[in-house]
Amino acid sequence: MASERPDGGESVPSVDGVDEADSGRAAFVAALRVRRNATWGLAAGLALALAAFVLFVLVPGSRRSPALYVGLAFVLAMSTAGLVAFLLTLGRAVRLSRRL
């Protein structure tokens, strides 16, 4: 199923969403769907941070400034976003490596 390249080598199978003309880092990022994974990670991180803020600060009531908790919510959101994006990208990389 591998096709011949003009230089005599074999080409690798194409990946969804990546043009044959793309090469290098851009093709690698597109093949792993990094942008989509980062978007999903950010959505998951913001949802978790908002839920934690509501459940642990707003519902029980807090005597301290909510600004401190907003800072903690930001850190929770960004770390969760990074973790989710990493795991989604890792899963995509494993699936692509099995296709080769």
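Residues numbered from 1 in each chain as written. Predicted model: local features only at pLDDT ≥ 70, side-chain atom pairs only at ≥ 80, totals over all residues. Heavy atoms only, no water.

S.K.: Describe in detail the overall build of the protein, supporting the description with residues and values.
M.R.: A tally of helices and strands in the protein yields 3 helices and 0 strands. In the protein, the succession of helices and strands from N to C terminus is α-α-α. A total of 100 residues make up the protein; the buried ones form 19% of that total. Of all intrachain contacts in the protein linking residues separated by at least 6 positions in sequence, the fraction that spans at least 24 positions is 66%. Carbon and sulfur atoms make up 67% of the accessible area of the protein, which amounts to about 7,700 Å² in all. (Helix = DSSP H or I, 4+ residues; strand = E, 2+ residues; numbered from the N terminus. Buried < 20%, exposed > 50% of the residue type's maximum accessible area, 1.4 Å probe, protein only. Contact = heavy atoms within 4.5 Å. Areas by Shrake-Rupley, 256 points an atom, 1.4 Å probe, with all protein chains shown as cover.)

S.K.: Lay out the side chain of Thr 80 with the relevant residues and their values.
M.R.: Tracing the backbone shows Thr 80 in helix α3 (residues 66-99). Discounting residues that sit within four places of it in the chain, Thr 80 has contacts with Gly 41, Ala 44, Gly 45 and Leu 48.

S.K.: Explain unusual backbone geometry residue by residue, including any values.
M.R.: Of note in the backbone geometry, Arg 33 takes a positive phi value of approximately 55 degrees without being a glycine. With respect to the secondary-structure elements, Arg 33 resides in the loop between α1 (25-32) and α2 (34-58).

S.K.: Give a description of α1 that names residues and reports values.
M.R.: Along α1, the positions that sit buried rather than exposed are Ala 27, Ala 31 and Leu 32. Along the axis of α1, the buried positions cluster into a sector of 125 degrees, meaning they face one direction only. Facing away from the buried side of α1 by more than 90 degrees, the exposed set consists of Arg 25 and Ala 26. On the buried face of α1, the contacting elements are α2 and α3. Within two residues after α1, Arg 33 carries a phi angle of roughly 55 degrees, on the positive side. (Arc of directions from axis to C-beta.)

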